[in-house]
Amino acid sequence: MRNLILFIRRYFNLLLFIAIEAICLNRVFSQNPFQQAWFLQFSEEWMGRLYQHYADVMQYFHLKQVNESLLAENARLRNQLLQDFSFPDTSRQLIRDTAHHRQYAYLPAEVVNNSIVHASNYITIHRGKLEGVHAHMGVVSSQGVAGVVVRASDHYALVMSLLHKDFRLSVRLKRTGDIGYVRWDGEDPTTALFSDIPRSVALYKNDTVVTSGFSVMFPPGIVVGYVEKVAHQPASNFQVARIRLATPFSRLRYVYVIENLQAPEQLQVESNVVSP
Amino acid sequence: MSELFKNIIRFVLLIFVQVFILNNIMLNGWVQPYLYLLLILLLPFQTPRWLLLMIGTATGWIIDNFMHTPGLHAAACAAIAYLRPFLIGMLAPQGGFEDTTRSPSPATMGTGKFVFYAGMLVLIHHVIYFTLEVFNFQATPYLAMKIVFSTLVTLLLIFVYGLLFFEKRPRRR
């Protein structure tokens, strides 16, 4: 207290001066409209800047926290990216019907790789063993026959395309019921050859060629193509027709894998006949 | 005539001259002489500092009330009243000025020192006053011109005042 009094006595004039100036300046800035407006603007501006600097400094202390939350958010968003997910088709919808005995089931699958330009073309589909696909299953598109599964991994299956030099398909002329087979000659991915039709059978343009159902892979009656042009072979009892394939191989996106529920039984019966 | 009486006369006279004559002089807006602050300059050497502050502030306050400039002159006058003893202490010879009952003048301080003393305080006063008055830092050249010309004219008026009232030579005791 004594020191305070000493301090005040010692600096009395300075303190008095400061007090007087404060009073005067207060009067200046409170009673002159121009200076008052300026002062308000000035103080607002500088208080704003001060707070800005304060916030700038303070945010450094929160950087770690902010970084962590951003990292967490990034990780969360990355985990939501669709491209990082693999969606093998697992859908399987069967209608139970006690009056009929189901033989075929259709399993939808997405085409992930496909070629049409080679002599041996293959289609890769995103549905594998774990989703019920195995070798020797037929593959059809919504328009017609597409190929046969030759190999299946857990989530993928390799399909021999109809556009493959070794592909043979037993077919039937829908109008007359005469059988033959279809193979691809490697020329045009939109056409194939329909062979072994007896000469007695009259072929017309746009006759529908469907699967025969003789193989265990395809049910009977699935469209393969339509007769385009008949080529008569003079030295043969059979005729060959060029057919327009029903499946648009160049723009194949989704296919169905056909599961023959009675295939093991049929194969077993047939092997018993053949084997001795 | 006692120093007190002389100062009172001077107080009334200078404020009268300032308010009724000099405030009506406006040369181009640049020259606004403020001769009244001479009465702060001419208070006796021995005036206590708190009294100097009080008189200075009161003078400014009165001028403010006449000129409708609340606070401006009071702030400037308080500043020069506060700084005056420091300037005198700086200019004083060893042991201080001989007669502290008298006022600063060319006769008591020497002409050079008095001109410096008056020039400094007038300049400080004008800088503070015009800065507060103009209060527009985009117009700094205008402000500087106003300060310089007004200071020169105020000093000229102090010189005229000196021709009229200052004693020619130191009075011997």
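Predicted model only: the values in this text are computed from it and were never measured. Counting restarts for each chain, with residues numbered from 1 along the sequence as it is written. Written order decides the labels, with chains lettered from A and ligands numbered from 1. It should be noted that, the model being predicted, local features are given only for residues of pLDDT at least 70 and side-chain atom pairs only at 80 or more, the latter also being counted only at that level, while totals for whole chains, interfaces and linings use all residues.

### A few points about unusual backbone geometry
Right, on to step 1. A positive phi angle, close to 70°, is found at Asn206 of chain A, a residue other than glycine.
Right, on to step 2. If you trace the backbone, Asn206 of chain A turns up in the loop between strand S8 (191-198) and strand S9 (208-211).
Right, on to step 3. Between the buried cut of 20 or more and the exposed cut of 12 or fewer other C-beta atoms within 10 Å of a residue's own C-beta lies the partly exposed class, and all C-beta atoms are placed from the backbone. According to the C-beta neighbour criterion, Asn206 of chain A is exposed, with 9 such atoms within 10 Å.
Right, on to step 4. Backbone geometry places His68 of chain B, a non-glycine residue, at a positive phi of 55°.
Right, on to step 5. Secondary structure elements are taken from DSSP: a helix is a run of H or I of four residues or more, a strand is a run of E of two residues or more, and numbering for both begins at the N terminus. Looking at the secondary structure, you find His68 of chain B in the loop between helix H3 (49-67) and helix H4 (72-91).

### Remarks on the pairing of strand S1 (residues 104-114) of chain A
Residue and element names in this part refer to chain A.
Right, on to step 1. The rule for pairing is simple: two strands pair if DSSP sees at least two bridges between them. As judged from the seven bridges shared by S1 and strand S12 (residues 254-260), these two strands associate in the antiparallel manner. Paired with Ala109 across the bridge in S12 is Val255.
Right, on to step 2. Here S1 folds back onto strand S2 (residues 120-125) in antiparallel fashion, the turn holding five residues.

### Looking at the UniProt feature "transmembrane region" (unreviewed entry) in chain B
Residues and elements named next belong to chain B.
Right, on to step 1. UniProt positions are given in the numbering used here, feature names are shortened, and annotations may be inferred rather than shown by experiment. In the numbering used here, UniProt assigns the "transmembrane region" (unreviewed entry) feature to residues 7-27, 34-52, 72-93, 114-132 and 144-166.
Right, on to step 2. End C-alpha atoms of residues 72-93 are separated by 34 Å, and the span's content is 91% helix alongside 0% strand.
Right, on to step 3. With 100% helix and 0% strand, residues 114-132 has end C-alpha atoms that lie 27 Å from one another.

### Quick word on the packing of helix H6 (residues 111-134) of chain B against helix H7 (residues 140-165) of chain B
Residues and elements named next belong to chain B.
Right, on to step 1. Note on geometry: axes are lines fitted to C-alpha atoms, helical ones only across the stretch in contact, with angles between N-to-C directions running from 0 to 180 degrees. For the pair H6 and H7, interaxial distance at closest approach is 9 Å and the crossing angle is 140°. As far as their axial angle goes, H7 and H6 are oblique. By crossing handedness, the relation of H6 to H7 is classed as right-handed. Here Ala118, Gly119, Val122, Leu123, His126, Val127, Phe130, Thr131 and Val134 of H6 lie close against H7, whose contacting residues are Leu143, Lys146, Ile147, Ser150, Thr151, Thr154, Leu155 and Ile158.
Right, on to step 2. Only Asp, Glu, Lys and Arg are considered charged, only Ala, Val, Leu, Ile, Met, Phe, Trp, Tyr, Cys and Pro nonpolar, and every remaining residue, Gly among them, polar. In the contact of H6 with H7, the residues fall into ten nonpolar, six polar and one charged. Reported orientations rely on four angle classes, namely roughly parallel under 35 degrees, roughly antiparallel over 145, roughly perpendicular from 65 to 115, and oblique for the rest. In this scheme, a crossing is called left-handed if the near helix is turned counterclockwise away from the far one by less than a right angle; it is called right-handed if the turn is clockwise. Contact between two residues is assigned whenever their backbone-derived C-beta positions fall within 7 Å.

### Here's the deal with the sheet that holds strand S4 (residues 145-152) of chain A
Adjacent strands of a sheet form backbone hydrogen bonds with each other and so pair up, either parallel or antiparallel.
All names here are of chain A.
Right, on to step 1. Judged by pairing direction, the barrel is antiparallel, and its six strands sit side by side in the order S1-S2-S5-S4-S3-S12 before closing back on the first. Taking each pair of neighbouring strands and ignoring which way they run, the sheet shows an average axis angle of 45°.
Right, on to step 2. As paired strands, S1 and S2 are joined by three bridges and run antiparallel to one another. Counterpart to Val111 in the pairing with S2 is Ile125.

### Considering the interface of chain A and chain B
Right, on to step 1. Contacts between the two partners involve 15 residues from chain A and, on the opposite side, 14 residues from chain B.
Right, on to step 2. Counting residues per element, the side of chain A that touches chain B draws most heavily on helix H2 (residues 12-31) of chain A, at eleven residues.
Right, on to step 3. When grouped by side-chain class, the residues that make up the side of chain A that touches chain B number nine nonpolar, four polar and two charged.

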